[in-house]
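Listed below, chain by chain, are the residues.
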Amino acid sequence: MDTVQSIRGHLYKDDGLPLPAYLEKMTRARFKKMSNEDQKLVDEQIEIFAYWKVLKKRLVDYVILSTHSELAVKPIGRELKPLLLDRVFGRHDDDGLMKLVAPKDSIVKKLAALKERLAKLRQAMTEIEDFRRNHIG
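Residues numbered from 1 in each chain as written. Predicted model: local features only at pLDDT ≥ 70, side-chain atom pairs only at ≥ 80, totals over all residues. Heavy atoms only, no water.

Asks: Please set out the overall build of the protein residue by residue, giving values where relevant.
Replies: In terms of helices and strands, the protein carries 5 helices and 0 strands. Each helix and strand of the protein, ordered N terminal to C terminal, gives the series α-α-α-α-α. Counting only contacts in the protein whose residues sit at least 6 apart along the sequence, the fraction spanning at least 24 positions is 24%. (Helix = DSSP H or I, 4+ residues; strand = E, 2+ residues; numbered from the N terminus. Contact = heavy atoms within 4.5 Å.)

Laid out in structure tokens, this is it:
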């Protein structure tokens, strides 16, 4: 109710604060001339928009939480939990654990290719700097 009262207070007095977007066309003079029933309708509109604002925030929070659960928590629990339990109870499966934490072969190959390319670029840069020093001066 605090929101309704504060917005209603802005409608009654001209304090220079902007009205919410859904009340843009409502003038202060028009609001003061309304009947009590019409003013109750405006109050209900204010309440509905306040609840809508809270609903949007909660929905966004829920989407974030469910996304985190589906993409982070559940896969880790599904893949890592059995391997860790085997480790704790003495059933060692180092291959499974190593496969889980090791990078994929395609990533390792790309990294090696990039390192090789970087080494060639550094060599080329060194040769260019040597050429500049020796011939350009």
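Asks: Before we move on, could you go through a nonpolar patch on the surface and cite the residues and values that matter?
Replies: On the surface, Phe49, Trp52 and Leu55 cluster together to form a nonpolar patch covering roughly 300 Å² of accessible area. Mapped onto the fold, Phe49 is located in helix 3 (residues 36–88). (Patch = residues over 30% accessible without salt bridge, like charges linked within 9 Å, V, L, I, M, F, W, Y side chains within 5 Å. Areas by Shrake-Rupley, 256 points an atom, 1.4 Å probe, with all protein chains shown as cover. Salt bridge = Lys/Arg side-chain N within 4 Å of Asp/Glu carboxyl O.)

Asks: An account of the confidence of the model for the protein is needed here, citing residue identities and associated values.
Replies: In this model, the protein carries a mean pLDDT of 81, and residues with pLDDT of at least 70 account for 82%. The secondary-structure element of the protein with the lowest mean pLDDT is helix 4 (residues 94–101), recorded at 66, while helix 5 (residues 105–136) shows the highest, at 93. (pLDDT = per-residue confidence, 0-100.)

Asks: Describe the pattern of salt bridges, with residues and values.
Replies: Under the defined criterion, the tally for this structure stands at 4 salt bridges. A salt bridge links Glu70 to Lys74; the shortest N-O distance between them is 2.7 Å. Note that Glu70 and Lys74 are positioned in helix 3 at a spacing of 4 residues, about one turn of the helix. For Glu70, a relative accessible area of 45% translates into the label partly exposed. Among the residues examined, Lys74 registers a relative accessible area of 41% and is labelled partly exposed. Across the salt bridge formed by Asp130 and Arg133, the nearest N and O atoms sit 3.0 Å from each other. In this pair, Asp130 and Arg133 both sit in helix 5, 3 residues apart, roughly one turn of the helix. What makes Asp130 partly exposed here is its relative accessible area of 32%. (Buried < 20%, exposed > 50% of the residue type's maximum accessible area, 1.4 Å probe, protein only.)

Asks: Quick rundown of the nonpolar core? Include the residues and the values.
Replies: Membership of the largest hydrophobic core is limited to 9 residues, which are Val4, Ile7, Leu19, Leu23, Met26, Phe31, Met34, Val42 and Ile46. Elements with a minimum of two residues in this core: helix 1 (2–12) and helix 3. Excluding its chain neighbours within four sequence positions, the residues that come into contact with Ile46 are Thr3, Val4, Ile7, Tyr22 and Leu23. (Core = buried A, V, L, I, M, F, W, Y, C linked by side-chain atoms within 4.5 Å.)

Asks: Help me get a handle on the side chain of Asp43, residues and values and all.
Replies: Checked against the element boundaries, Asp43 lands in helix 3. Judged by its relative accessible area of 14%, Asp43 is buried. Excluding residues within four positions of it along the chain, Asp43 makes contact with Val4 and Arg8.

Asks: So what's going on with a positive patch on the surface? Residues and values would help.
Replies: Taken together, the side chains of Lys53, Lys56, Lys57 and Arg58 define a basic patch exposed on the protein surface. Considering the arrangement of structural elements, one finds Lys53 in helix 3. According to the relative accessible area criterion, Lys53 is exposed, its value standing at 52%. (Lys, Arg positive; Asp, Glu negative; His and termini not counted. Charge placed at Lys NZ, Arg CZ, Asp CG, Glu CD.)

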